[in-house]
Number of protein chains: 2
Amino acid sequence: MGEGTRRRLPHHERRAQLIEIGRRHVEQASFDAISTDEIAADAGISRGLLFHYFPTRDDFLRALAEDASEELLQVTDPPSDLAPVARLRAGLAAYIDFVAERPAMFLSLIRGAAGGNAEMQEIFERTRGALAGRILEGLGVAARDPAVRHMARGYIALVEEVTVSWLRDGASDPQRDELIEALEAAAVVLLQLAGVAVDELLVE
Amino acid sequence: MGEGTRRRLPHHERRAQLIEIGRRHVEQASFDAISTDEIAADAGISRGLLFHYFPTRDDFLRALAEDASEELLQVTDPPSDLAPVARLRAGLAAYIDFVAERPAMFLSLIRGAAGGNAEMQEIFERTRGALAGRILEGLGVAARDPAVRHMARGYIALVEEVTVSWLRDGASDPQRDELIEALEAAAVVLLQLAGVAVDELLVE
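Residues numbered from 1 in each chain as written. Chains lettered and ligands numbered in written order. Predicted model: local features only at pLDDT ≥ 70, side-chain atom pairs only at ≥ 80, totals over all residues. Heavy atoms only, no water.

(A) View of the overall build of chain A. Looking only at helices and strands, one finds 10 helices and 0 strands in chain A. Along the chain direction, N to C, the helices and strands of chain A fall in the order α-α-α-α-α-α-α-α-α-α. Taken over the C-alpha atoms alone, chain A extends approximately 60 × 35 × 30 Å along its principal axes. Of all 204 residues assigned to chain A, the portion counted as buried reaches 53%. Total accessible area on chain A stands at roughly 9100 Å², and carbon and sulfur atoms take up 51% of it. (Helix = DSSP H or I, 4+ residues; strand = E, 2+ residues; numbered from the N terminus. Buried < 20%, exposed > 50% of the residue type's maximum accessible area, 1.4 Å probe, protein only. Areas by Shrake-Rupley, 256 points an atom, 1.4 Å probe, with all protein chains shown as cover.)

Structure (structure tokens):
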């Protein structure tokens, strides 16, 4: 029995509580390992009541993935008063710190959960698309050109994979700041390769 | 009923036949959509006999993923007598053509199947690692430096995602050769960013 205390909670509060508990479970293990029995026990409610809020386990996992995606997008949204390249750097730093704090969740979101089913995959695609779009917007690059759009998505995949590989390796070599610097430079050179003019990017 | 003809086949032939049928199904749809009933029907055998070769549906999917991974690694292995950058280019061209011919299989392998379960994920990780290792080896770059290893894996993720994005968009803009050129140049600049000396890469 966890912090649930069997109080009656308004619908939205109970829902938020269940997501919060689920999120702690995901941060410690992964989406796949989520047990709705344990979540219900931690909330001090019956499994049946949990299913009143989330009719299936998949519905619950999807709500958790949506929550994780929203938080990732929020924390990696740099202040809009920064210059373009400084925004990119701030966004990368926030991304890497977010991921480093909850590697299990991140890994299961981009690997495990992404393949779970079409709806999970859609959340993952949407998040990746939002990050790619934000990078282009932040750098003042139009996303009309297909080559630029493809490259921006590829860049997000690169950042994900480099971050995963770095975390698995102990997150110490290279140092965090060196990693951010390399990833920042990678954005600029990759967009140049996709045909974006250099000047557009380097104006600070 | 398909081409099965209910002949008795030696064990390894029947196994190969089932994988071949499964593979055609995956190429037309995805791993998720595989029905072992349909596979057995196409092979002209009972579902029970199929489970004699592959005790569970997951075992069958894993065999299909192993098969797809091996084929991808084989067709993208460029002739070793080419100069380093020419090898990279040939490997990229083979990769893109392989994927363009069977986008459903590729998409479900890198997205869907990768998240299916730990074993599918391991096949996916191993394939990505093999591709990254081959790029470094082909370019004569030592993989000892962690920054280089992380970046090589990130580069493979980038190639995957750019290819997926390009295919979804109709595979026409940019043209195939332009795409290959940009991805080839991306390998060089990204490895440079990870600290690899330029000269090592550009010697043809």
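(B) Structural detail: the relation of the copies chain B and chain A. With an axial shift of 0.0 Å and an RMSD of 0.0 Å, the rotation relating chain B to chain A amounts to 180°. Overall, the copies show the geometry of a two-fold rotation axis. Here 100% of the contact residues of chain B are again contact residues in chain A; the copies associate through an equivalent surface. (Least-squares fit on C-alpha atoms with pLDDT ≥ 70 in both. Contact = heavy atoms within 4.5 Å.)

(C) Main features of the nonpolar core. Of all hydrophobic cores here, the largest spans 124 residues; its most connected members are Tyr155(A), Leu158(A), Tyr155(B) and Leu158(B). Leaving out residues up to four positions away in the same chain, Tyr155(A) has contacts with Leu88(A), Leu92(A), Ile135(A), Leu183(A), Glu184(A), Ala186(A), Ala187(A), Leu190(A) and Leu158(B). (Core = buried A, V, L, I, M, F, W, Y, C linked by side-chain atoms within 4.5 Å.)

(D) The arrangement of the interface of chain B and chain A in detail. Taken together, the contact pairs 33 residues of chain B with 33 residues of chain A. Approximately 2700 Å² of surface area, both sides summed, lies buried where chain B meets chain A, with 62% of it carried by carbon and sulfur atoms. Taken together, the links from chain B to chain A amount to 8 salt bridges. Residue Arg128(A) is joined to Glu161(B) by a salt bridge in which the shortest nitrogen-to-oxygen separation is 2.1 Å. Between chain B and chain A we count 12 residue pairs in polar contact (both at pLDDT 80 or more) in total. Counting residues per element, the ones that place at least two in the side of chain B that touches chain A are helix 6 (103-116), helix 7 (118-138), helix 8 (146-168) and helix 9 (176-193) of chain B. For the side of chain B that touches chain A, the residue count by class is 17 nonpolar, 6 polar and 10 charged. (Buried area = accessible area lost by both parts, 1.4 Å probe. Salt bridge = Lys/Arg side-chain N within 4 Å of Asp/Glu carboxyl O. Polar contact = N/O pair within 3.5 Å; in protein donor to acceptor, adjacent residues only side chain to side chain. Nonpolar A, V, L, I, M, F, W, Y, C, P; charged D, E, K, R; others polar.)

(E) Spotlight on the packing of aromatic side chains. Taken as a whole, this structure holds 4 aromatic pairs over all chains when the rule is applied. With centroids separated by 5.8 Å and ring planes inclined at 90°, the aromatic side chains of Tyr95(A) and Phe106(A) adopt a geometry described as edge-to-face. Taken together, the residues span a long stretch of sequence, with Tyr95(A) in helix 5 (residues 84-101) and Phe106(A) in helix 6 (residues 103-116) at a distance of 11 residues. For Tyr95(A), a relative accessible area of 6% translates into the label buried. We classify Phe106(A) as buried; its relative accessible area is 5%. One residue, Arg102(B), lies across the ring of Phe98(B), its end atom 4.2 Å from the ring centre. (Phe/Tyr/Trp six-rings, centres within 6.5 Å; stacked < 30°, edge-to-face > 60°. Lys NZ or Arg CZ within 6 Å of the ring centre and 35° of its normal.)

(F) A look at the pattern of salt bridges. Residues and elements named next belong to chain A. Counted according to the given criterion, the structure contains 40 salt bridges over all chains. Between Arg62 and Asp59 there is a salt bridge, with the nearest N and O atoms lying 2.7 Å from each other. With Arg62 and Asp59 both in helix 4 (residues 57-75) and 3 residues apart, this pair spans about one turn of that helix. A salt bridge links Glu122 to Arg126; the shortest N-O distance between them is 3.1 Å. Of this pair, Glu122 and Arg126 both sit in helix 7 (residues 118-138), 4 residues apart, roughly one helical turn. What makes Glu122 partly exposed here is its relative accessible area of 43%. We classify Arg126 as partly exposed; its relative accessible area is 38%.

(G) Structural context of the confidence of the model for chain A. All names here are of chain A. When pLDDT is averaged across chain A, the result is 87; 90% of the residues are at 70 or more. Averaged pLDDT values for the elements of chain A fall to 66 in helix 10 (residues 198-202) and rise to 96 in helix 2 (residues 36-43). Prediction confidence for the complex, expressed as pTM and ipTM, is 0.89 and 0.88 respectively. (pLDDT = per-residue confidence, 0-100.)

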